[in-house]
Amino acid sequence: MRNIAPIGTIAKPDPLTRPDRTLSLTRGVMRLFVDLGLSPIAEFRLPIKRRADIAALDRRGKLVMAEIKSCRADFETDQKWPEYLDYCDEFYFAVDQEFPVDLLPSQEGLIIADDFGATVIRPPAQRQLAPARRKAITLRFARQAARRALAAPEMP
């Protein structure tokens, strides 16, 4: 005899795991940043031995960062984000629709994202990097992006 579920009890797909949710949010934010005219890279290594989830540059050299928060526990246990503020002109938190956004600091930008895209819900505070730091961070960004491009397969 086959084991058949009764009508109306079809199993729902498992919710996304935390790493899957993070990847989904990252894809959505990267797409948004490209749409906004930014050039993003994921896992940008800062000189303070930290990695920003996403960093992006615009044509004028403005540096934007986004911190992906996949769930409440992710936000509550990872409080490194204030260290990133000295290395960007704009800072966003990126979360999904179910995230309790009241937990997030209101002075920072807010992006709601999913696998297909994202929307800026709240603009970020505007910061101004010092010229020497801007140059150092821009060069770091360029070097990391170039190394990744070298590791990528050649374009036809």
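Just so it is clear, the model here is predicted, and its values are computed rather than measured.

Focus on the sheet that holds strand β1 (residues 39–45)
Spatial strand order, β1-β2-β3-β4-β5-β6: 6 strands in an open sheet with mixed pairing. The outermost strands of the open sheet, each flanked by one partner alone, are β1 and β6 (117–122). In this sheet, neighbouring strand axes are inclined to one another by 30 degrees on average, regardless of whether the strands run parallel or antiparallel. For β1 and strand β2 (residues 51–57), the ladder comprises 6 bridges, and the chain directions are antiparallel. If you follow Ala42 over to β2, its bridge partner there is Ile54. In the packing of helix α1 (residues 18–35) onto the sheet, contacts are made with β1, β2, β3 (63–68), β4 (90–95), β5 (109–114) and β6, and the angle to β5 comes to roughly 115 degrees. Contacts from helix α3 (residues 131–151) reach β1, β2 and β3, with the element oriented near 95 degrees to β1.

Quick word on the environment of Ala142
You can see Ala142 is positioned in helix α3. Judged by its relative accessible area of 41%, Ala142 is partly exposed. Through-space distance from the C-alpha of Ala142 to that of Leu57 is 9.7 Å; in sequence the pair is 85 residues apart.

Side note on the side chain of Ser24
With respect to the element layout, Ser24 can be found in helix α1. Ignoring sequence-local partners within four residues, the contact set of Ser24 consists of Leu16, Asp114 and Asp115.

Notes on the packing of aromatic side chains
Tallied over the full model, the rule gives 6 aromatic pairs. With a centroid separation of 5.0 Å and an interplanar angle of 75 degrees, the aromatic rings of Trp81 and Phe93 are classed as edge-to-face. One end of the pair, Trp81, is in the loop between α2 (72–77) and β4; the other, Phe93, is in strand β4, and 12 residues separate them in sequence. According to the relative accessible area criterion, Phe93 is buried, its value standing at 0%. Here Phe91 and Phe93 contribute two aromatic rings whose centre-to-centre distance is 5.2 Å and whose plane-to-plane angle is 90 degrees, an arrangement assigned as edge-to-face.

A look at the pattern of salt bridges
Counted according to the given criterion, the structure contains 12 salt bridges. Here Asp74 and Lys69 are joined by a salt bridge, their closest N and O atoms 3.6 Å apart. Under the relative-accessibility criterion, Asp74 is labelled buried at 9%. For Asp89, the salt bridge is made with Arg134, and the minimal N-O distance between the two is 2.7 Å. Of this pair, Asp89 sits in the loop between α2 and β4 while Arg134 sits in helix α3, and the two are 45 residues apart along the sequence. Here the residues in one salt-bridge network are Glu67, Lys69, Asp74, Asp78 and Lys80, joined through shared partners.

Topic: the confidence of the model for the protein
Summary statistics for the protein give a mean pLDDT of 89 and a share of 87% for residues scoring 70 or more. Note that residues 1–5 has pLDDT below 50 and, in this model, 0 contacts with residues that lie over four places away or in other chains.

Describing the nonpolar core
Counting residues in each nonpolar core, the largest one holds 24 residues, and the members touching the most others are Phe44, Leu63, Met65, Trp81, Phe91, Leu104 and Phe141. Going through the elements one at a time, β1, β2, β3, β4, β5 and α3 are the ones with two or more residues in this core. Leaving out residues up to four positions away in the same chain, Phe44 has contacts with Arg50, Arg51, Ala52, Ala55, Met65, Ile137, Arg140, Phe141, Gln144 and Arg148. By size, the runner-up hydrophobic cluster in this structure holds 15 residues, among which are Leu25, Phe33, Ala66 and Ala118.

How each quantity is defined
Residues numbered from 1 in each chain as written. Predicted model: local features only at pLDDT ≥ 70, side-chain atom pairs only at ≥ 80, totals over all residues. Heavy atoms only, no water. Pairing = 2+ DSSP bridges. Helix = DSSP H or I, 4+ residues; strand = E, 2+ residues; numbered from the N terminus. Axes fitted to C-alpha atoms, helices over the stretch in contact; angles between N-to-C directions. Contact = heavy atoms within 4.5 Å. Buried < 20%, exposed > 50% of the residue type's maximum accessible area, 1.4 Å probe, protein only. Phe/Tyr/Trp six-rings, centres within 6.5 Å; stacked < 30°, edge-to-face > 60°. Salt bridge = Lys/Arg side-chain N within 4 Å of Asp/Glu carboxyl O. pLDDT = per-residue confidence, 0-100. Core = buried A, V, L, I, M, F, W, Y, C linked by side-chain atoms within 4.5 Å.

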